Every structure is written in structure tokens, then in C-alpha cells.
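# Descriptive structure summary
The residues making up each chain are set out below.
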Amino acid sequence: MKQDMIVILDLGSTKNTDIARQIRDMGVYSEIHPHDITPGQLKGLENVKGIVLNGGENRVVDGALVDIDPAIYECGYPILAIDHPTAKCERNLEELPDEAPLKEFVFDVCQASANWNMKNFIADQVELIRRQVEDRKVLLALSGGVDSSVVAALLIKAIGNQLVCVHVNHGLMRKNESESVIEVFKNQLHANLIYVDATDRFLGKLEGVADPEKKRKIIGGEFIRVFEEEARKLEGIDFLGQGTIYPDIIESGTKTAKMVKSHHNVGGLPEDLKFELVEPLKQLFKDEVRACGVELGLPESMVYRQPFPGPGLGVRCLGAITRDRLEAVRESDAILREEFAKAGLDKKVWQYFTVVPDFKSVGVKNNARCFDYMVIIRAINTVDAMSASVERVDWDVLQRITDRILDEVGNVNRVCFDMSPKPPATIEFE
Ligand code: XMP
């Protein structure tokens, strides 16, 4: 990393991430490090221009005050203290700084240069990846999600065909999703892409399984097995590319997060498949990952796509998955996305999708009784997915979507809109 850096030492404040963001938005790179970093470790970081200390509400752990190694004060770096008054610092601020004093600290006191931008980041990473990988090969599970797509584009730029991408279609992808992965990566970026259509295998394993956690475990476990089988067929792979991003790194440092649902990402490969990791996005926040993707030339539809769970439509085809209901989820989701885009809601609403429950209701079609499925529309806004509110979708838009679903999707006779915030509901249904 050639860019100047401001280090934030983590004394337990929940505002550290906001401060790092504030500094990066000024064009200066910033990283959060643990409070017990040693002077040696700190000096080992490149281009550190100054330190921010932020105490705050979580500074007392088990009755003791968390503090930094006093030797850090003697290292010669300018230090700004927020909510942690100490006589040894250049400046003390009582709360989250507004732009002006933080800017003054970063530029006037630390003399940092505003050289943090995506062009420089990409140039740096390309060099680092080439240095790490040399003439060897990297394997990457390319799901088509934002993070894996941006990692793939970055690795293609750095090492071209030394990257082997594996795209596993578990049959639970949204409409045209696998096709667009193939179009962008194989046809446009000429990636070395292995496409595995494992639809029958996944649906076979999931047959008759109604319990949400069991479904998630089967999908996650099977995904690793398919990926592993592909990896074993290949020779001379030394590295595994991963779309780890900065929030993953920050979050793995907390001990309080409770599991509500098991999330799946590629991990848990067997011991005998030993790879060294390549994680070129591990310093980036999500919006920086997107900016990086745009800079690398990925289509906006890929870079700005809404979050999509690893188990895909599998957790939206509620209960035991059947092909007819899976098709109803996929088709109704495609209609919802098309109509939201037409209404400009795709840029406004954080996440929107449809689910199909595993029961039927009575209706009437062509003057005859029918017994068909129901589509539920969900559209929510959130900052961090921990809590969510429901988007007040315009009635006419909802009516148009309903008409199209009833008209175009087979086996459906009813459309509902989910009005539940999180909590008590979760965003997904399973
Ligand atoms: P819940 O349903 O827990 O969802 O309120 C919170 C956010 O997480 C997404 N989600 C997942 N993302 N793997 C993922 O990468 C998963 O297994 C998974 N399950 C839920 C969900 O879509 C929402 O944005």
C-alpha cells in the first residue's frame, strides 16, 4: 500500500467505522487496528501518518478500562483523541468530530496526502497480486455476487488466465443470473471459467426437506462439495481467491454477534485441499467495492445489484422445494425487478423480492374454481440489515406487478404484500 494512512486504534467505540469512512471520504486511507497493537506492529504498517483514539461506550471490559500500550505515545506519530481525554495527545475532542477538526488533523497536523482512490487502489493491488501469485494459479468461486465478481475482475486484470473461475449454478439462481455471469466473464472478459450446472443434484438433495436450517445446511454443504470436486479435477492450483471485504474483518473481531440464521459463503474446504488465500478487497467497504467494480468496467447491474442470500431462491421457495413453486418464485421475482426498475425503485429500495409459501388457496379462473399458490412481495429498507422498515410502494406500481404476476406466472392465483418490519420479522422468510 503506497497510500498515506491514518490508523484508528479500537478502544471499543461503535463509531470507529464511521470515522474510518469519514477519513477515507476525504481521500485518505484509514484502517482500524486493535488497541493492544505493539509499537513494533504499528511501525510495521506502511505510511502511517497519524493515529486516532476513540474511547466511547464500550471502553470498559470486565470492569477494566481498555487502554493502548503507553509506548505508542512515544512513537512520534501525531495523535488525535476523541471521547478519551489524555494530556499526551495533540488534540482532544469530546465526541465524533465534525469534518473540520478531523480534516485539520489529517491534513494540517499529519500532513497526509489525499491519494486514496480506486485507480491507485487497483494499480497497487494488481502489483501485490502479481507479487504474491507469480506464475501460479488461483481458483475462485464466482457466484455472480458483487464481491466475487469484483475479485474476479481484479484478478483477471492482474493475472489473466492464471485465474480459474468456477461458477456453480445450484438451480436456485434468479432468472438469467448464470447467463449474465457467463456473458460478462467468459464472453466479455475472456475469463478461464468453468460452468457447473448442478441443478438436479441440489434439487435432488433438497427433495422433501422443509426445515429452513436443514435446507440452508444442505445448500451450503453441497456447494462446498461441488466446488471441491471441481478443484480436485484441476492441477497446480496454489491459491484460493476470496471476496472478503473490510466489514467481514471488522465483524470477525466482535464476540457479541448472535447467530439467527446460518449464512453460507465458500469456506470449510477439506484440510487436504490446502490453498493460500488471495483477498484483494479485504480493505474495502461495500461502496468502495462497488466503485472498484465500476472502475474495472463491470456492468452496473452487477455492481449495484441488491443483496442476494447464498442459498438463493431456495429460502424464498418456502418449505420443501418443488420445481413448480421454484419457477413461480423465479418468474415473479423477475417481474418485480423489471417493474421496480421501470418505476425507478431499483435505485431507492434496499432489497425487494418475492416468496412463495408451500400452501394453496382457493380462487376462480375462467369461471372455474382453482386451487393455486400465493406470491408474497417484500420490499424493505435498511442500513445494516439488522433492522429494516417496509418501503411504502406506490399503489399503482403494486397493482401493475400484481396484474402481471397473476397473468404471467403459472399456478398462482393470489398476490400479497408483506407489511412486517424487522424485528420481529427477518428480511428473508427462512
Ligand atoms: P435476515 O433474513 O437475517 O437477512 O433478516 C439479513 C440479510 O442477509 C441476507 N441473507 C444472506 N446473505 N448468505 C448471505 O450472503 C445467506 O445465507 C443469507 N441469508 C440471508 C438477506 O437477504 C438480508 O439481506
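First, a word on what this report is: a plain description of the structure on this page. (Residues numbered from 1 in each chain as written. Predicted model: local features only at pLDDT ≥ 70, side-chain atom pairs only at ≥ 80, totals over all residues. Heavy atoms only, no water.)

On a plain count of helices and strands, the chain comes out with 13 helices and 17 strands. In terms of overall size, the chain behaves like a compact globule, its C-alpha atoms giving a radius of gyration of 24 Å where 430 residues would be expected to give roughly 22 Å. Principal axes of the C-alpha set define a box for the chain whose edges measure 85 × 50 × 40 Å. The 430 residues of the chain split such that 51% are buried. Here the chain contributes 53 positive and 68 negative side-chain charges, whose respective centroids are spaced 4 Å apart. (Helix = DSSP H or I, 4+ residues; strand = E, 2+ residues; numbered from the N terminus. Rg over C-alpha atoms; globule rule 2.2 N^0.38 Å. Buried < 20%, exposed > 50% of the residue type's maximum accessible area, 1.4 Å probe, protein only. Lys, Arg positive; Asp, Glu negative; His and termini not counted. Charge placed at Lys NZ, Arg CZ, Asp CG, Glu CD.)

What follows deals with the pattern of salt bridges. Under the criterion given, the structure shown has 31 salt bridges. Close ionic contact of Arg174 with Glu177 constitutes a salt bridge, the shortest N to O distance being 2.9 Å. Using a relative accessible area of 5% as the deciding quantity, one classes Arg174 as buried. Accessibility expressed as a relative area gives 9% for Glu177, which makes it buried. Glu327 is the partner of Arg330 in a salt bridge, and the nearest nitrogen-oxygen pair spans 3.1 Å. On the criterion of helical spacing, the pair formed by Arg330 and Glu327 is a turn pair, its members being three residues apart in helix H12 (residues 323-342). (Salt bridge = Lys/Arg side-chain N within 4 Å of Asp/Glu carboxyl O.)

Turning to its location among the elements, Lys215 is positioned in helix H8 (residues 212-233). Excluding residues within four positions of it along the chain, Lys215 makes contact with Leu206, Val209, Ala210, Gly314, Cys317, Leu318, Gly319, Ile321 and Glu430. (Contact = heavy atoms within 4.5 Å.)

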